[in-house]
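Here's the letter readout for the chains.
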Amino acid sequence: MSKWRQPWFPWVSLVARLVLGVVMLVAGALKVTDPETAAQAVRAYEILPSGLVSPVGWGLPFLEIAIGLLLIVGFGVRAAAVAAGVFMIVFIVAVASAWARGLAIDCGCFGGGGQIAPGQTKYLQEILRDVGLLLLAAWLWLNPVSKYALESDPSNESSARTGVTAS
C-alpha cells in the first residue's frame, strides 16, 4: 500500500461509486421511458444543431444507465468515473450557458425539461450538485479500488488473474 493510501479509502470509494452510480442510473431511467421529453430537454438548451437534438436526447439516457450500472457493480470503475466526470462537465457547462444566456429552462437532469417560468430556475443548485458529482468522479479516477466491487484492483494484474477482489 502506498504511503498516501489509507485503509479507509476503499470504503470512501464504495460510497462514491454507489452515490454517483445511483444518480446516473436514476437520471437515465427517468428519461429513457420518455425519449421525446428527453429530446425536448436537450433542445431547450439551444446549443446543439437540430439534427443532433433527437439522437442525443434518445441516446443520453442509455449511456447514463450504462455508466450507472458499471459504477454500482464496480466494473471498469476508473473508465466509468471518467465517463461520468465528462458528463458532469458537459452538464455544468450547459447549465451555466443557459443561465448566462438568460434562458428559463428546467435542466431535464431527472426527466422533464424544457421551458419554465423565469423564477423557477435552479441553476446554482444544479451546478453545485454536478460539481459535487464531478468531485466523486475525480475521487474514483484517483481511487478506483473499493469494497464489494465486481472487478479486482485494476492496478494489480496478479489480483485480476487470481480473481481476488477489492472487498
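Higher on the page you've got the structure.
Residues numbered from 1 in each chain as written. Predicted model: local features only at pLDDT ≥ 70, side-chain atom pairs only at ≥ 80, totals over all residues. Heavy atoms only, no water.

## Focus: empty space enclosed by the protein
Stage number 1. All chains considered together, the criterion is met by two cavities of 30 Å³ or more.
Stage number 2. The volume enclosed by the largest cavity comes to roughly 70 Å³.
Stage number 3. Forming the walls of the largest cavity are V23, M24, A27, E64, M88, F91, C109, F110, R129, D130 and L133.
Stage number 4. Sorting the residues of the lining of the largest cavity by element identifies α1 (9–32), α4 (77–100) and α5 (123–142) as the ones contributing at least two each.
Stage number 5. Residue composition of the lining of the largest cavity, by class: eight nonpolar, no polar and three charged. (1 Å grid on protein atoms, 1.4 Å probe; cavity = no way out; pocket = protein on both sides within 12 Å on 5 of 7 lines; lining within 4 Å. Points joined across faces, edges and corners; volume = space filled by probe spheres on them. Helix = DSSP H or I, 4+ residues; strand = E, 2+ residues; numbered from the N terminus. Nonpolar A, V, L, I, M, F, W, Y, C, P; charged D, E, K, R; others polar.)

## Describing the packing of α1 against α4
What describes two packed helices is the angle between their axes and the distance between those same axes.
Stage number 1. Running from N to C, α1 and α4 cross one another at 55°; their axes reach a closest spacing of 11 Å. Classified by the angle their axes make, α1 and α4 are oblique. Taken as a pair, α1 and α4 cross one another with a handedness that is left-handed. On α4, the residues touching R17, L20 and M24 of α1 are V77, A84, F87 and M88.
Stage number 2. Tallied by class, the residues present in the contact of α1 with α4 amount to six nonpolar, no polar and one charged. (Axes fitted to C-alpha atoms, helices over the stretch in contact; angles between N-to-C directions. Parallel < 35°, antiparallel > 145°, perpendicular 65-115°, else oblique. Left-handed = near helix turned anticlockwise from the far one by under 90°. Contact = heavy atoms within 4.5 Å.)

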